[in-house]
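# Close look at the chain arrangement
Chain residues, written in single-letter form:
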Amino acid sequence: MRKLDHKNKICIYLDQFVISDIIEGANPLWIEVRTQLETAYKIGKIYCPICPEHILETARKNFPSAKVHDDYFKSLSDGFTLKSEPFLTSQLISSLIRKNKKTLNTFLIKPEFNDFENFYDEINKHHDIFSEGISLCLANQNDFRKAVTNKIDRKTENQLIEVINQNKVNAFKERLKEYLNQKCIKIRPDYFGNLQVPNWMDQLLYQLTNKHKFKEKEFKLFLVELEKNGFYRIPTLNTKFSLGAHLAVKGKKENSGDQIDVMRISSYLFSTDIFFIDRKRKHEISELGLDKKYNTKVFSGTENDLNEFIAVLKGL
């Protein structure tokens, strides 16, 4: 345990539902979770960095409630925020290709926290646009998945997941080869309804070029890495596309909430010691073996999980 070297503390990722249930305290188990979390934090055993997705979801509450949730989460964070895509992924790629040791700064930032009130309305507006765009983008996909309901065995499922993942790797390799040939980057837009977002491949190439100062030699080494290992040694991409392929193979319909879940699992599961997520997502993580691969203890909000989590905190 203790993947991130911060004063020998255990790093815990708390999903938004955990903060809500802790504050509402309707269930005695959640009251005990809150007590043990606060005790463990006060004696310097744990910290719970916040993440950008927390801001997105907290802003959906009315402002007084949102402020209470935000303030409470920050009180356990040691002032840290988890890095999100594409900044984290580009850093991981840079460290991998340059054989640099990963440090606390690889995964976390310590920003000056802005007053939540100043950007509450703006976040809500962008969340609405994001949700509408994702819903439009996923409409045809969900209709197709609803129609295709044939059950397949586990071995075939795993083979299909591998094929889908390899297709993503191949697409990125082709984009990287194109960049090496043209020696210039143009960030193309991806469309989600009326919403335009930067293409994920172009974002990464831009970050590697401009922030990490990759030259042609390093990009060629990166291409060799992709040819040899695909995304396997890049945890964010490995997790992201494994989860996406799993949802596709299972024929599961998706919405904007699912997209946010995939974002946070892919960005934070591998680097934290303890990871909270809802029961459905926990099951998917377990089916893919991602918890074992990244040696992360995953909890949901079930009674058994909460009792086990309380026992872990008491044992620190």
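Residues numbered from 1 in each chain as written. Predicted model: local features only at pLDDT ≥ 70, side-chain atom pairs only at ≥ 80, totals over all residues. Heavy atoms only, no water.

## Here's the deal with the overall build of the protein chain
Within the protein chain one finds 15 helices and eight strands. When burial is assessed residue by residue, the protein chain has 47% of its 316 residues classed as buried. Sequence separation of 24 or more characterises 74% of the internal contacts of the protein chain that already satisfy a separation of 6 or more. (Helix = DSSP H or I, 4+ residues; strand = E, 2+ residues; numbered from the N terminus. Buried < 20%, exposed > 50% of the residue type's maximum accessible area, 1.4 Å probe, protein only. Contact = heavy atoms within 4.5 Å.)

## As for the packing of aromatic side chains
All told, the structure shown has 18 aromatic pairs when counted by the stated rule. Ring plane angle 25 degrees and centroid distance 5.4 Å describe the contact between Phe172 and Trp200, whose orientation is recorded as stacked. Taken together, the positions of Phe172 in helix α8 (residues 154–182) and Trp200 in helix α9 (residues 200–210) put the pair 28 residues apart, joining distant regions of the chain. Stacked on the ring of Phe80, the Lys or Arg Lys110 has its end atom at 4.7 Å from the ring centre. One residue, Lys293, lies across the ring of Tyr232, its end atom 3.3 Å from the ring centre. (Phe/Tyr/Trp six-rings, centres within 6.5 Å; stacked < 30°, edge-to-face > 60°. Lys NZ or Arg CZ within 6 Å of the ring centre and 35° of its normal.)

## Notes on the pattern of salt bridges
Summed over all chains, the structure comprises 21 salt bridges. Residue Glu38 is joined to Arg34 by a salt bridge in which the shortest nitrogen-to-oxygen separation is 2.8 Å. Taken together, the residues span about one helical turn, with Glu38 and Arg34 both in helix α2 (residues 28–42) at a distance of four residues. Overall, the relative accessible area of 22% leaves Glu38 in the partly exposed class. Classification of Arg34 as partly exposed rests on a relative accessible area of 28%. Lys177 serves as the salt-bridge partner of Glu174, at 3.6 Å between the closest nitrogen and oxygen. (Salt bridge = Lys/Arg side-chain N within 4 Å of Asp/Glu carboxyl O.)

## Examining the confidence of the model for the protein chain
Looking at the protein chain as a whole, its pLDDT mean stands at 86, while 83% of the residues score no less than 70. Scored below 50 in pLDDT, residues 138–145 makes twelve contacts in the model with residues more than four places away or belonging to other chains. (pLDDT = per-residue confidence, 0-100.)

## What to know about the packing of helix α5 (residues 87–98) against helix α11 (residues 235–249)
Running from amino to carboxyl end, α5 crosses α11 at an angle of 125 degrees, the nearest separation of the two axes being 8 Å. The angle between α5 and α11 places the two elements in the oblique class. Contact residues: α5 offers Leu88, Thr89 and Leu92, while α11 offers Pro235, Thr236 and Leu237. The class makeup of the residues in the contact of α5 with α11 is four nonpolar, two polar and no charged. (Axes fitted to C-alpha atoms, helices over the stretch in contact; angles between N-to-C directions. Parallel < 35°, antiparallel > 145°, perpendicular 65-115°, else oblique. Nonpolar A, V, L, I, M, F, W, Y, C, P; charged D, E, K, R; others polar.)

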